[in-house]
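A closer look at the structure
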Amino acid sequence: MIEQTFAMVKPDGVEMRLFGQIRQRYTNAGLRVINEKIVKFTVSSARIFYREHRCKPFFVGLYLFMTSGPCVAFLIEGEDAIGKVRGINILIRTEFPSA
């Protein structure tokens, strides 16, 4: 089934300039990046975006981290896009644990 999903390269991944390599992994998996945007969260927008975590102990650190630099957001489409993006992201996290 053709699906759409969202993926984001967080500030540390952007600082390490991984977004091009990550984008290439999505396209190599047969997915299509249909929109890509550089996003800079404000404290307010990060708190809203991550509001589901507001009662968790890591919430303050999360929104502070997400406002520490730009992010690159992708809208991705393709066959089994959700599963493929999850799998790619797991591999990326093992290769670049700090990103």
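Residues numbered from 1 in each chain as written. Predicted model: local features only at pLDDT ≥ 70, side-chain atom pairs only at ≥ 80, totals over all residues. Heavy atoms only, no water.

For the rest of this paragraph, the subject is helix α5 (residues 81-95). With 15 residues, α5 extends 21 Å from end C-alpha to end C-alpha; this agrees with the ideal 21 Å at 1.5 Å per step. Within α5, burial applies to Ala81, Val85, Ile88, Asn89 and Ile92. Angular distribution of buried residues about the axis of α5 spans 100°; they occupy a single face of the element. Looking at α5, the residues exposed on the side facing more than 90 degrees away from the buried face are Arg86, Ile90, Leu91 and Thr94. The elements touched by buried residues of α5 are β1 (2-9), α2 (19-28) and β3 (71-79). (Helix = DSSP H or I, 4+ residues; strand = E, 2+ residues; numbered from the N terminus. Expected span 1.5 Å × (residues − 1). Buried < 20%, exposed > 50% of the residue type's maximum accessible area, 1.4 Å probe, protein only. Arc of directions from axis to C-beta. Contact = heavy atoms within 4.5 Å.)

Membership of the largest hydrophobic core comes to 15 residues, with the highest contact counts inside it found for Ile22, Tyr26, Phe74 and Ile76. The leading source of residues in this core is α5, at 4 residues. Each residue touching Ile22, except ones within four places of it in the same chain, is listed here: Val9, Phe74 and Ile92. Core analysis: the next-biggest nonpolar cluster, separate from the first, contains 9 residues, Met8, Phe41, Tyr63 and Cys71 among them. (Core = buried A, V, L, I, M, F, W, Y, C linked by side-chain atoms within 4.5 Å.)

Keep in mind these numbers describe shape, not what the thing actually does.
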